[in-house]
Structures are given as structure tokens and as C-alpha cells.
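Okay, here's what each chain looks like letter by letter:
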Amino acid sequence: MIAASRHSLRQAAARLARTAATPAARSYASTAPLGDRVVVAVGGNALQRRGERLTIENMLKAAADMAPTIATLAKEHELVLTHGNGPQVGELALERSAATFDVLGAESMGQIGYVLAQALSSAGCTTAPIICQVVVDPAHEAFRDPSKFVGPIYGAKEATALSQSLGWVMKPDGEYFRRVVPSPPPQEIVQVEAVRTLLEQSPDILPIACGGGGIPVSRIPSNPRTLTGVEAVIDKDRCGAKLANELDADGYIILTDGGGIWKNFGKPDAQEMKMASPEYLLGTKAGKNFPGSMGPKIQAAIDFVQNGKKGAWAAIGDLKDVSKIFDNEEGTIVREDVEEGVVWRGGKVAAPSTPKQSKEPHKSG
């Protein structure tokens, strides 16, 4: 893990701001004497790497490794932390097959929030995990084509047996199979004002919000004030983008366990994008072959930039490189007005009409 100094992070953030064509101006009220307002999304797999057992001990160990980096960011920026829950909510579903995913999502949010709060406290950062309900449309097409990976990986025979015995929908995840559940887009974050108030009035406290994409709920049409749970898992990156937009954030960082956006990953001509515009990513359909993993991250970055204020930027990169992401030395920055639509690492600029589909280096929940 990289625990960058306060001075280096301040310099990095300043250099990133200077690269933007139209610098972001703070348009929100705040008592915090800090830098940019940034929402940071950490994947659920950051607390459970592949090959490791999903135990509280391993989660606490991974969180302790991550905490100094997040705590350093929180000292320099108005920070909101959100996190995934793919492995954790899937494991809970195995333990409690009768429970619905709104309840399991709430349980995983509390579990992971506690783990992060404990680790960050040890790093000198006080946190406030917030249980967030997120309204979705129960008639959305996502319920007809589940795409969100949850839980552990299985071999083909085991996946078939689980599908037949429990009625689970299973899809390939690399060379293995995982359960998939509906993942509708977030429409409304019910507790967003609580997050905003904490962020603006208590700058020494780090809000942890919308964990696992929030608890999926819908409003009863005959009584819209009444909420009811929905059987789904909201993608944490898309929910994080909505949270960042509603908080009028300057930046939105999606931290992974495998770097930024790549073209032809794993091949001799593989290239990582240094910067890309939303238009370029949409035009090349980057990530569309990976609807359960990298695709939503790219779409979330696009959504935030297109719906954000002038100069808003998003970034996708590895957790261990977070200080270098601010400096655009690692990962991929997504913003408007990128020359030719994309800049490749090494100073190469590709023609807009010729790029191939990106292939992702990781699967992050």
C-alpha cells in the first residue's frame, strides 16, 4: 500500500486540476478547509482477494492494509467512502438462503462498515458508516437479465447443481461460474441529505455511505412515502457516481485490484488509457463485453463526468496506486475535452476510429 504524504497528495491534486480543460469550481457550502470533494469507491474484492477465504480475520487484515491510504486522502480532501459487497453478500446468501437480498445487503453494509471503521480508527480517522436505502424501479429490464456477480466462484458441475437445486442464475466469470442477480440502476438515495450534512458540518468525520450500492427499495405507487425491499444488488460504482453527482463532488475515483482501462489486455499490443473522454469510451463501447465487472465501472465514470459540473473528473485505478492516480501517473482519468478522445500511456494518441475493445485485467465486486 502507498501511504503518500500530505504534501505529495496536495501537489498531485493540484497537477490533476491543471490538466482539466475547465477547472472545477467549488459550488457547495462547507466548513471544511480541505481540497476537492471526492467520492472514493472501493471494490468488495479489495477486502477479499481471490484465493483467500472470506473470513472476518482476512477482511480486517485487508482493511488494515488499506486504511492508511484512505486516511491520508481524508486529511487532504472532503472525502466520502463507498464500497462493494459482491463476495460478502454472496457468502451471506449461502448461509441464509431464505433471506432476501435487500436484507442481506443491509447486513453486508453493516459488516463491511464495521470492518472499515475499525481499521480506519486505528489509522487515526474517525468514520460514520451510514445505512443507505436506494430507490430502484422494480420493473426495470435488469430483472429480466441478471448481471451482477455475487458470492464465490464455482466449477461448471457445481454451478449447474446449484442452479437446479436453488434456482440460481449462474454465468461465466472467467474460467469459472458465479451467481448473478438483478442490478437495476439507482434512482434516488434516500439518506443523501444525512451524508451531505455530515460531510459539510463535521469535516473531521469520514462518511461511509451506499455500501454495496445501498439497500435496494422501491416506493409503493399508492403511497410513495412507503418503501419496500427489492430482490436485487445495486452496482456500487453506478450508485457511487450518483452519490458523487448529488453531493456536487469534484472527483469520483473507482479503486480496483487491477489498474485502469485497457485495450487488448494480456496481448503483446496491450495499452492502458491515460486519459479518455466519455464520448470516446461510449463510441468504442469500452467494457461492454464485461457487463458484470469492468463495464459498470466505465459506465459509472462516464455518468459522473457527463452529469457533473464543469471540470468534473473520474478515475479508475489500482488501490495501491491512489496517490499516482491523483497525479495521472497510474490508472485512467475520464474527463471532457481530451485531445483525440484518448491519450495512451507513453504519450501515444490513438486515432478515434481504430481502437479495439478493451479487455479488463480484473473482476472487482
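Throughout this description, residue numbers start from 1 for each chain and increase along the sequence as written. Since the coordinates come from a predicted model, pLDDT governs what is reported: local features require at least 70, and pairs of side-chain atoms require 80 or more to be given and counted, while whole-chain, interface and lining totals use all residues. Computation of side-chain values: all heavy atoms of the structure, hydrogens and water removed.

Some remarks on the pattern of salt bridges
Selection rule: Salt bridges are counted wherever a side-chain nitrogen of Lys or Arg sits within 4 Å of a carboxyl oxygen of Asp or Glu. Secondary structure elements are taken from DSSP: a helix is a run of H or I of four residues or more, a strand is a run of E of two residues or more, and numbering for both begins at the N terminus. Relative accessible area decides the class of each residue, using a 1.4 Å probe on protein chains only: under 20% of the type maximum gives buried, over 50% gives exposed, and in between gives partly exposed.
By the definition in use, this model includes 15 salt bridges. When the shortest N-O distance is used, the salt bridge between Arg37 and Glu78 registers 2.9 Å. One end of the pair, Arg37, is in strand 1 (residues 37-42); the other, Glu78, is in strand 2 (residues 78-83), and 41 residues separate them in sequence. In this structure Glu78 comes out as buried when scored by relative accessible area, which is 2%. Among the ionic pairs, Asp237 bridges to Lys297, the shortest N-O distance being 3.0 Å. Pair noted here: Asp237 is in helix 7 (residues 236-246) and Lys297 is in helix 9 (residues 294-307), with a separation of 60 residues, a long-range link. There is no split in this pair, since Asp237 and Lys297 are both buried.

Quick word on helix 9
So the rule is basically this: One less than the residue count of a helix, multiplied by 1.5 Å, gives the span that helix is expected to have. Residue contacts follow a heavy-atom distance rule, with two residues in contact if any of their heavy atoms lie within 4.5 Å.
An ideal rise of 1.5 Å per residue puts 20 Å on 14 residues; helix 9 measures up with 20 Å between its terminal C-alpha atoms. Burial runs high along helix 9: twelve of the 14 residues are buried. Listed as buried for helix 9 are Met294, Gly295, Pro296, Lys297, Ile298, Gln299, Ala300, Ala301, Ile302, Asp303, Phe304 and Val305. Against helix 7, strand 12 (251-256), helix 8 (278-283), strand 15 (313-318) and strand 16 (332-334) lie the buried residues of helix 9.

Remarks on the packing of aromatic side chains
Aromatic rings in a pair are described by how distant their centres are and how their planes are angled relative to each other. Note the cut-off: To pair, rings of Phe, Tyr and Trp, with the six-membered ring standing in for Trp, must have centres within 6.5 Å; the planes then decide the type, stacked if under 30 degrees apart, edge-to-face if over 60, and tilted in the middle. Consider the ring centre and the ring normal. A charge sits over the ring if Lys NZ or Arg CZ is within 6 Å of that centre and within 35 degrees of that normal.
What the rule picks out here adds up to two aromatic pairs. Directly above the ring of Trp344 sits Lys263, whose terminal nitrogen or CZ lies 5.0 Å from the centroid.

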